[in-house]
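# A look at the structure
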Amino acid sequence: IWAISKPVPTTSYLPKAALDEQGLVKIDAKMNFSSPVPNSKHHFAVGDLVSWSGIKRCGAAMAMGHNAAFNIHQQILEAAPGGRHEAEFIEFPEVPPMIALAVGKNAISYGPNAGTESGAEVMRSFFGEDLGLKSEWKLR
């Protein structure tokens, strides 16, 4: 059974000012630390340890990582000798609660537009015939 529980963030090494009351890193839409810590615009955080909207899922974490990498690259280009590049950052949107769970040969899903749905077709739509493993391999 593949399952997760409420994770405990491993953020104790960060300044308290960078964290919310649950120990999650406070970030802005560019994935930068949003708290008044030194050099906050050069610190990035993504995934399960950040305070952001939505349900913590790997898809959102991967998208956050992409945005952070892009924004870090923009900072590097802007800081390069000659200063001819003006950084253009991308922002991560608010994420509404959504999730899909496989249960036997069926699945249940919830999203802001469709509400709750369940059944074999939901399973095929979200997970294919192999719990989504084939689609993950295609991304590598």
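Described below are features of the structure shown in this document. (Residues numbered from 1 in each chain as written. Predicted model: local features only at pLDDT ≥ 70, side-chain atom pairs only at ≥ 80, totals over all residues. Heavy atoms only, no water.)

Spatial ordering of the open sheet is given by S3-S4-S5, a layout of 3 strands whose pairing is antiparallel. A strand with exactly one partner marks an edge of an open sheet, and here the two such strands are strand S3 (99-103) and strand S5 (115-119). Strand-to-strand twist of the sheet, defined as the mean angle between neighbouring strand axes without regard to direction, takes the value 10°. Both strand S4 (residues 106-111) and S5 contribute to a ladder of 5 bridges, which runs antiparallel. Bridging across to S5, Ser109 finds its partner in Glu117. (Pairing = 2+ DSSP bridges. Helix = DSSP H or I, 4+ residues; strand = E, 2+ residues; numbered from the N terminus. Axes fitted to C-alpha atoms, helices over the stretch in contact; angles between N-to-C directions.)

Further remarks concern helix H2 (residues 120-127). Among all positions of H2, only Val122, Met123 and Phe127 are buried. The buried residues of H2 occupy an angular sector of 105° when the element is viewed end-on, so they sit on one face. Turned more than 90 degrees from where H2 packs its buried face, Glu121 and Ser125 sit exposed. Two residues or fewer after H2 comes Gly128, characterised by a positive phi angle close to 65°. (Buried < 20%, exposed > 50% of the residue type's maximum accessible area, 1.4 Å probe, protein only. Arc of directions from axis to C-beta.)

The topology assignment puts Ser53 in the loop between strand S2 (50-51) and helix H1 (58-79). Exposure remark for Ser53: the relative accessible area of 26% places this residue in the partly exposed category. Considering only alpha carbons, one finds Ser53 and Pro97, 44 residues apart in sequence, at a separation of 7.6 Å. Once residues lying within four places of it in the same chain are set aside, the contact partners of Ser53 are Glu94 and Val95. At a separation of 2.9 Å, a polar atom in the side chain of Ser53 contacts the side chain of Glu94. Of the polar contacts made by the side chain of Ser53, one reaches the backbone nitrogen of Val95; its length is 2.6 Å. (Contact = heavy atoms within 4.5 Å. Polar contact = N/O pair within 3.5 Å; in protein donor to acceptor, adjacent residues only side chain to side chain.)

Okay, the packing of aromatic side chains next. In total, this model carries 2 aromatic pairs according to the counting rule given. Taken together, a centroid distance of 6.3 Å and an interplanar angle of 55° make the contact between Trp52 and Phe92 tilted. Of this pair, Trp52 sits in the loop between S2 and H1 while Phe92 sits in the loop between H1 and S3, placing them 40 residues apart in sequence. The class of Phe92 is buried, set by a relative accessible area of 9%. Taken together, a centroid distance of 6.5 Å and an interplanar angle of 45° make the contact between Phe126 and Phe127 tilted. A residue is classified by how much of its surface remains accessible, and Phe126, at 46% relative accessible area, is partly exposed. (Phe/Tyr/Trp six-rings, centres within 6.5 Å; stacked < 30°, edge-to-face > 60°.)

Once that is clear, we can look at the pairing of S3. Where S3 and S4 come together, 5 bridges link them in antiparallel fashion. Residue pairing for S4: Ala100 is matched across the bridge by Ser109. Hairpin connection between S3 and S4: a loop of 2 residues separates the two successive antiparallel strands, and Gly104 in this loop has a positive phi of roughly 65°.

What follows deals with H1. Here H1 is 22 residues long and its end C-alpha atoms lie 31 Å apart, about the 32 Å a rise of 1.5 Å per residue gives. For H1, the set of buried residues is Ala60, Met64, Asn67, Ala68, Asn71, Gln74 and Gln75. Within H1, the buried residues cover an arc of 120° as seen down the axis, which keeps them to one side. Relative to its buried face, H1 has exposed residues pointing more than 90 degrees away, namely Cys58, His66 and Ile76. Buried residues along H1 sit against S2. (Expected span 1.5 Å × (residues − 1).)

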